[in-house]
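What follows is each chain in one-letter form.
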Amino acid sequence: MNQTNHNRISIQQVDSVLHPITEANGMPNTAYVSEEYFNFERDNILSKTWVCVGFASDLIKNGYIKPVEFMGLPLLMMRNREGMVQVFHNVCSHRGMKLVHEEGVVQGVIRCQYHSWSYDLDGNLKGTPHVGGIGKHKDERFKCEDHGLRALRSSVWMDMVFVNISGDAAPFEAHIAPLLERWKPFWGENGVDQIHRVDMSEGLEIEVDSNWKLTVENYCEAYHLPWVHPALNTYSKLEDHYNIMFEDRFAGQGSYKYNLSDTQGTHLPKFPSWPEDKLRHAEYVALFPNVLLGIQADHVFAMMIDPISAEKTTEKLRLYFVSDESAKDIYAACRTATLESWRVVFSEDITAVEGLQKGRHSPGFGGGVFSPEMDLPTHFFQKWLATQAKAALEKEA
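Keep in mind that this is a model prediction, so the values were computed, not measured.

What about the nonpolar core?
The nonpolar side chains of a soluble globular protein tend to be buried with one another.
Turning to step 1, where the next piece is worked out: In this structure, L317 and W342 are the most contacted members of the largest nonpolar core, which totals 73 residues.
Turning to step 2, where the next piece is worked out: Grouped together as the second largest cluster of nonpolar side chains are 32 residues, F172, L179, F271 and V300 included.

Structure below.
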């Protein structure tokens, strides 16, 4: 029986990923094609850390709510009357009815369609019609304050809304601290506070027929650049790249000579503290598991990788520019050119990752091997996955 007929992976297969890169195999096909493994991964890996589930700027005003799904879990992002963003499980606490189906502004309360129980924008249960019998909307045997919507641990950083589904990960501030420390020499102490979101028709959204991991693996390495991204390779060449790996959850690549501004004629406000001798430096870092980040002197991007199913993923890109100045009309053409350049790059990746996904159905492929130099960040990501998969499998054994 070949691997694609199994729904789970073995500890031995995981161990082969954890070998030194010259002896390692990649994750087996099952990890990319099995819905059962997709759910195993959600419950044992992604739920245990901080995952991005959306963008705070999509909650366009106070009182705005937006239902989202993460790996099949119905969630609800809400911006309350005071502007605070929170995330709740999108189910009524009474009988488990999915509560909200469409995004929009809530004028009064959020009301369940089943028995008309209602909640405020902080998740508190406010109305329970006939809960104690006909005409009795309160009952001393039932305490509303104990049955509000279930909140998830959440945090907003760089416009991204992160949640920790298991509730027991380290604080988000500790989670993101190593990246802030790494990028401090580029964008300064308060780089995040300087970026500005300009509405560009929701940025870019791409549906890809592949497993979410292949998108991350592809992003981690520059090896494919000359063949998949010929245009990008003219202003950020393969030989000008370097590998990035740090802590246990960051990997990617950097460029010493990112030069879109000369190629496309873009001239945008830059981070004031960005060193003059590094204006063409850029870094592209995957924050495991599902965020891809890019930083340049004049803009930043964030891509949320949304795992829809074992073989379907949505990529959601947002661009951010430096200071309110960048939102002015005189920079409109430069902003558009920057977005278009990334639209080309990420669109070129579709054929690659979808081809990788098709290959995962072949019994002739057993996870593959790694270039001992060019694939170091990709192997780093796979080791992160394999380490946690092994721990979960050993608990089950």
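Continuing now.
Notes on helix α4 (residues 172-187)
Turning to step 1, where the next piece is worked out: Of all bends in α4, the biggest is about 35°, found at E181, and the proline P185 comes one to four residues later.
Turning to step 2, where the next piece is worked out: Here α4 has its buried residues at F172, H175, I176, P178, L179, W183, F186 and W187.
Turning to step 3, where the next piece is worked out: Within two residues after α4, G188 carries a phi angle of roughly 85°, on the positive side.

A word on the sheet that holds strand β7 (residues 118-119)
Turning to step 1, where the next piece is worked out: Across the sheet, which stays open at both edges, the three strands sit in the order β6-β7-β8 with antiparallel pairing between neighbours. One side of each edge strand has no neighbouring strand; the edge strands of this open sheet are β6 (110-111) and β8 (125-127).
Turning to step 2, where the next piece is worked out: Relative to β7, β6 runs antiparallel, the two sharing two bridges. Within β7, the residue paired with R111 across the bridge is S118.

Let's talk about the pairing of strand β15 (residues 282-287)
Turning to step 1, where the next piece is worked out: Along β15, six of the six residues are buried, which leaves the element largely enclosed by surrounding structure.
Turning to step 2, where the next piece is worked out: The two faces of β15 match: A282, Y284 and A286 on one face and E283, V285 and L287 on the other face are all buried.
Turning to step 3, where the next piece is worked out: Where strand β14 (residues 250-255) and β15 come together, six bridges link them in antiparallel fashion. Bridged to A251 within β15 is A286.
Turning to step 4, where the next piece is worked out: Of the pairings in the sheet, the one linking β15 to strand β16 (residues 291-295) comprises five bridges and is antiparallel in character. Residue pairing across strands places L287 opposite V291, the latter belonging to β16.
Turning to step 5, where the next piece is worked out: Between β15 and the antiparallel strand that follows it, β16, lie three residues.

Structural notes on the side chain of R318
Turning to step 1, where the next piece is worked out: Relative to the assigned elements, R318 resides in strand β18 (residues 312-322).
Turning to step 2, where the next piece is worked out: A relative accessible area of 3% means that R318 is categorised as buried.
Turning to step 3, where the next piece is worked out: Engagement of the side chain of R318 in a polar contact is seen with the side chain of D58, the distance being 3.1 Å.

Observations regarding the pairing of β18
Turning to step 1, where the next piece is worked out: Counting buried residues in β18 gives 10 out of 11 residues, a clear majority hidden from the surface.
Turning to step 2, where the next piece is worked out: Pairing analysis gives three bridges linking strand β11 (residues 195-197) to β18, with the strands arranged antiparallel. Note on β18: the bridge partner recorded for I195 is V322.
Turning to step 3, where the next piece is worked out: Judged from the five bridges that link them, strand β12 (residues 204-208) and β18 form a sheet pairing that is antiparallel. Bridging from a neighbouring strand, I206 pairs with E315 of β18.

Observations concerning helix α3 (residues 35-44)
Residues separated by three or four positions in an α-helix point in the same direction, a consequence of the helix having 3.6 residues per turn.
Turning to step 1, where the next piece is worked out: Among all positions of α3, only Y37, F38, F40, E41 and R42 are buried.
Turning to step 2, where the next piece is worked out: Its buried side turned inward, α3 meets α2 (30-33), β3 (73-79), α6 (212-220), β17 (299-309) and α11 (376-396).
Turning to step 3, where the next piece is worked out: Backbone nitrogen of E36 and a side-chain oxygen of the N-cap are separated by 3.2 Å at the start of α3; the cap is S34.

Thoughts on the sheet that holds strand β10 (residues 160-164)
Turning to step 1, where the next piece is worked out: Taken in spatial order, the three strands make up an open sheet running β1-β10-β9, and their pairing is antiparallel. Looking at strand neighbours, the two that pair on one side only are β1 (51-55) and β9 (153-157), the edges of this open sheet. Ignoring which end each strand starts from, the neighbouring axes of this sheet average 30° apart.
Turning to step 2, where the next piece is worked out: With five bridges joining them, β9 and β10 adopt antiparallel strand pairing. The partner of S154 across the bridge, within β10, is V163.

Remarks on the packing of aromatic side chains
The relative placement of two aromatic rings is captured by the distance of their centres and the angle of their planes.
Turning to step 1, where the next piece is worked out: Here the structure, examined in full by the defined rule, presents 21 aromatic pairs.
Turning to step 2, where the next piece is worked out: Between the aromatic rings of W187 and F271, the centroid separation amounts to 5.9 Å while the plane-to-plane angle is 70°, which identifies the pairing as edge-to-face. A residue pair is termed long-range when its members are at least 10 positions apart, and W187 in helix α4 and F271 in the loop between α9 (260-264) and β15 qualify at 84 residues. Across this residue pair, the class does not change: W187 and F271 are buried.

Considering the environment of V291
Turning to step 1, where the next piece is worked out: Relative to the assigned elements, V291 resides in strand β16.
Turning to step 2, where the next piece is worked out: Sequence separation between V291 and M303 is 12 residues, and the spatial gap between their C-alpha atoms is 5.7 Å.

Describing the pattern of salt bridges
Between side chains of opposite charge, a pair can form as their charged atoms come close.
Turning to step 1, where the next piece is worked out: Under the definition given, this model contains 13 salt bridges.
Turning to step 2, where the next piece is worked out: Ionic pairing is found between D15 and K390, a salt bridge with its closest N-O pair at 2.8 Å. In this pair, D15 is assigned in helix α1 (residues 11-17) and K390 in helix α11, connecting sequence segments 375 residues apart.
Turning to step 3, where the next piece is worked out: With a relative accessible area of 25%, D15 lands in the partly exposed category.
Turning to step 4, where the next piece is worked out: When salt bridges that share partners are traced, they join D58, K66 and R318 into one network.

About the cut-offs
Residues numbered from 1 in each chain as written. Predicted model: local features only at pLDDT ≥ 70, side-chain atom pairs only at ≥ 80, totals over all residues. Heavy atoms only, no water. Core = buried A, V, L, I, M, F, W, Y, C linked by side-chain atoms within 4.5 Å. Buried < 20%, exposed > 50% of the residue type's maximum accessible area, 1.4 Å probe, protein only. Bend = angle between axes of the 7 residues up to and from the residue. Helix = DSSP H or I, 4+ residues; strand = E, 2+ residues; numbered from the N terminus. Pairing = 2+ DSSP bridges. Polar contact = N/O pair within 3.5 Å; in protein donor to acceptor, adjacent residues only side chain to side chain. Contact = heavy atoms within 4.5 Å. Axes fitted to C-alpha atoms, helices over the stretch in contact; angles between N-to-C directions. Phe/Tyr/Trp six-rings, centres within 6.5 Å; stacked < 30°, edge-to-face > 60°. Salt bridge = Lys/Arg side-chain N within 4 Å of Asp/Glu carboxyl O.

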